[in-house]
Amino acid sequence: MRLLDAHRSATSEFDARVRRISAGQWDAPTPCGQWSVRDLLNHLVSEQLWAPWLLDGATLDEVGDRFDGDVLGDDPVGAWSRAAAAAREAWERPGATEGEVHVTGGVIPAVDYGWQMTLDLAVHAWDLARGIGADDRLEPRLVSAVHTVFAPQVPAWQDLGLFAPPVPVPDDADEQTRLLALLGRRS
């Protein structure tokens, strides 16, 4: 699965869970430590808001703190829809994956940034599903693509605190279980 196809699939997976959040679930816990359902959505909306800026060549200083704090307002689902649409539009522009982007760790290839966003969308789709009690099965081709790209990288991330330490899984675990376990999640 190519990056843009995987990103589209991951966005769709997350979007499907967002649209299932009921009014009483915004404060529900998620597998993401101290994040509620609303906190998790706020994180993903903020990430989507950054994408058009970074893909246009903006530095972190140029973006500044405009996406800090609550970016959901009174319409969390609408905020998600608008931010996700803007991010997809930015990714679909010709040449979007060919440049470089500024991120916290420095300047990286846009394609690497795209895969990082895809991973975050996919894994947080699972987290959100768990938080709202929805179906947590992700599209198998997406899981396979993300697992293939990131399994070799995860050990190097352990000292960065991006994810909890990997958890053991049985030898016969499916690929989604293995991916989630790499990122410290028990499915």
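Preceding block: the structure.
Everything numeric here is computed off the predicted structure, so don't read it as measured data.

### Examining the overall build of the chain
Scanning the chain for helices and strands turns up eight helices and two strands. Counting all 187 residues of the chain, 49% fall into the buried class. As presented, the chain carries roughly 9300 Å² of accessible surface, and 50% of it is formed by carbon and sulfur atoms. Side-chain charges of the chain comprise 16 positive and 29 negative groups, with the mean position of each set lying 6 Å from the other.

### Some points on helix H6 (residues 140–150)
Of the residues making up H6, those classed as buried are Leu142, Val143, Ala145, Val146, His147 and Phe150. Looking at the packing, one finds that the buried side of H6 touches helix H1 (3–18), helix H5 (110–132), helix H7 (154–157) and helix H8 (175–182). At the N-terminal boundary of H6, the capping side chain belongs to Glu139, with an oxygen 3.2 Å from the backbone nitrogen of Arg141.

### Here's the deal with the pairing of strand E2 (residues 106–109)
Of the pairings in the sheet, the one linking strand E1 (residues 100–103) to E2 comprises four bridges and is antiparallel in character. Counterpart to Val101 in the pairing with E2 is Ile108. Hairpin remark: E1 followed by E2, antiparallel, with two residues in the connecting loop.

What counts, and where the lines are drawn
- Residues numbered from 1 in each chain as written.
- Predicted model: local features only at pLDDT ≥ 70, side-chain atom pairs only at ≥ 80, totals over all residues.
- Heavy atoms only, no water.
- Helix = DSSP H or I, 4+ residues; strand = E, 2+ residues; numbered from the N terminus.
- Buried < 20%, exposed > 50% of the residue type's maximum accessible area, 1.4 Å probe, protein only.
- Areas by Shrake-Rupley, 256 points an atom, 1.4 Å probe, with all protein chains shown as cover.
- Lys, Arg positive; Asp, Glu negative; His and termini not counted.
- Charge placed at Lys NZ, Arg CZ, Asp CG, Glu CD.
- Contact = heavy atoms within 4.5 Å.
- Polar contact = N/O pair within 3.5 Å; in protein donor to acceptor, adjacent residues only side chain to side chain.
- Pairing = 2+ DSSP bridges.

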